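# Structural features, examined
Each chain is listed here by its residues.
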Amino acid sequence: MFGYIAVNQPELRIREWEMYHSYYCGLCRVLKEKYGRVGQVTLSYDMTFLLILLSGLYEPETVCGESRCIMHPGRKHTYRCNELTEYVADMNMLLTEYKCMDDWKDDGKRLRLGMARILGRRTGESRRKYARKLEQIAAAMEELSRGEEQGVTDLDKMAGCFGRVMAQVVSVRQDEWEAGLQRFGFYLGKFVYLMDAYEDIREDLKKGRYNPLKERYEEPGFEQDCRDILTMMMSACCREFEQLPILDNVEILRNILYSGVWSRYEAVQSTRSISKEDMQQKK
């Protein structure tokens, strides 16, 4: 359920893109330092967004520098790191581990199981550090898994489980911003879960896998209903975001929330439109 919280790069100014990329590089750097090469493999745009969000809210002292990396050895890149980068790196690793286990359960991918075990051996310290948070995440994931096994089609219930996961991930401290961040993360998590279900519906039906949209897929107005639900979730998420006193890099964050998160949706729509045209031409 990753890859949906991405930036819309063509709509960013050059300096905004460079700023965004510097946080991405900083997260990559910390993942490597703390977890090695396997940590770098888990790097995601989703968690880069979280890092910029939390950095904008708490405004911690940030260290800037330049370095080369294995992916771009030709020239140095600017990176930014602060006290929140390590937290986001830890959450990135733990969520990737959950994702690998989910892939293993869904498709029996042994490579994903192997990856989950590798990650599990490296996240022991983080598990102890965030034990209380992980208890709540594990409870939500267990309820989600149980619902999938039972074939539950209650969208609000199922999406809400992942919403509770993201609520815990987004809220880093017990302070005056905790409740707002949790509400923000809750709606963002619901959006991500439903977007994932929407994107995968055809393949899931073909392979006989669980999908909470299964019963609705053949109903008239399916596409519009999905768009309405996704819009409602993201509107609630943006409403909570606008209540946070964030000034630093707010335009980057708005680019992602108001535009970037819809990139995959538009890509799916485009693919399905092409498929329909091909089918009509064959007839």
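We now turn to the structure provided with this report. Note that the structure is predicted; figures quoted are calculated from it, not measured.

## Looking at the nonpolar core
Of all hydrophobic cores here, the largest spans 86 residues; its most connected members are L53, F184 and M234. Among all residues touching F184, those that are not within four sequence positions of it are F49, L53, V170, C237, E240, F241 and L257.

## Examining the side chain of T42
Relative to the assigned elements, T42 resides in the loop between helix 2 (37-41) and helix 3 (45-58). What T42 contacts, discounting residues up to four positions off in sequence, is L31, N92, M93, T96, M115 and L119.

## Concerning the environment of S44
By secondary structure assignment, the location of S44 is in the loop between helix 2 and helix 3. On the basis of relative accessible area, S44 is assigned to the buried category, the value being 11%. With 122 residues separating them in the primary sequence, S44 and M166 have C-alpha atoms 15 Å apart. If we skip the residues at most four places from it in the chain, S44 touches Y24, L27 and N92. Of the polar contacts made by the side chain of S44, one reaches the backbone nitrogen of M47; its length is 3.3 Å. Here the side chain of S44 touches N92 through a polar contact of 3.1 Å, side chain to side chain.

## Some words on the pattern of salt bridges
All chains considered together, the criterion is met by 16 salt bridges. Across the salt bridge formed by R164 and E143, the nearest N and O atoms sit 3.0 Å from each other. Of this pair, R164 sits in helix 8 (residues 155-170) while E143 sits in helix 7 (residues 131-150), and the two are 21 residues apart along the sequence. A relative accessible area of 34% places R164 in the partly exposed class. Overall, the relative accessible area of 24% leaves E143 in the partly exposed class. Residues E240 and R183 are paired through a salt bridge, measuring 3.1 Å at the closest nitrogen-oxygen approach. Here the residue E240 occupies a position in helix 10 (residues 222-242), and R183 occupies one in helix 9 (residues 178-207), the gap between them amounting to 57 residues. In this structure, a network of salt bridges that share partners links the residues K34, E86, D90 and K129.

Conventions we followed
- Residues numbered from 1 in each chain as written.
- Predicted model: local features only at pLDDT ≥ 70, side-chain atom pairs only at ≥ 80, totals over all residues.
- Heavy atoms only, no water.
- Core = buried A, V, L, I, M, F, W, Y, C linked by side-chain atoms within 4.5 Å.
- Buried < 20%, exposed > 50% of the residue type's maximum accessible area, 1.4 Å probe, protein only.
- Contact = heavy atoms within 4.5 Å.
- Helix = DSSP H or I, 4+ residues; strand = E, 2+ residues; numbered from the N terminus.
- Polar contact = N/O pair within 3.5 Å; in protein donor to acceptor, adjacent residues only side chain to side chain.
- Salt bridge = Lys/Arg side-chain N within 4 Å of Asp/Glu carboxyl O.

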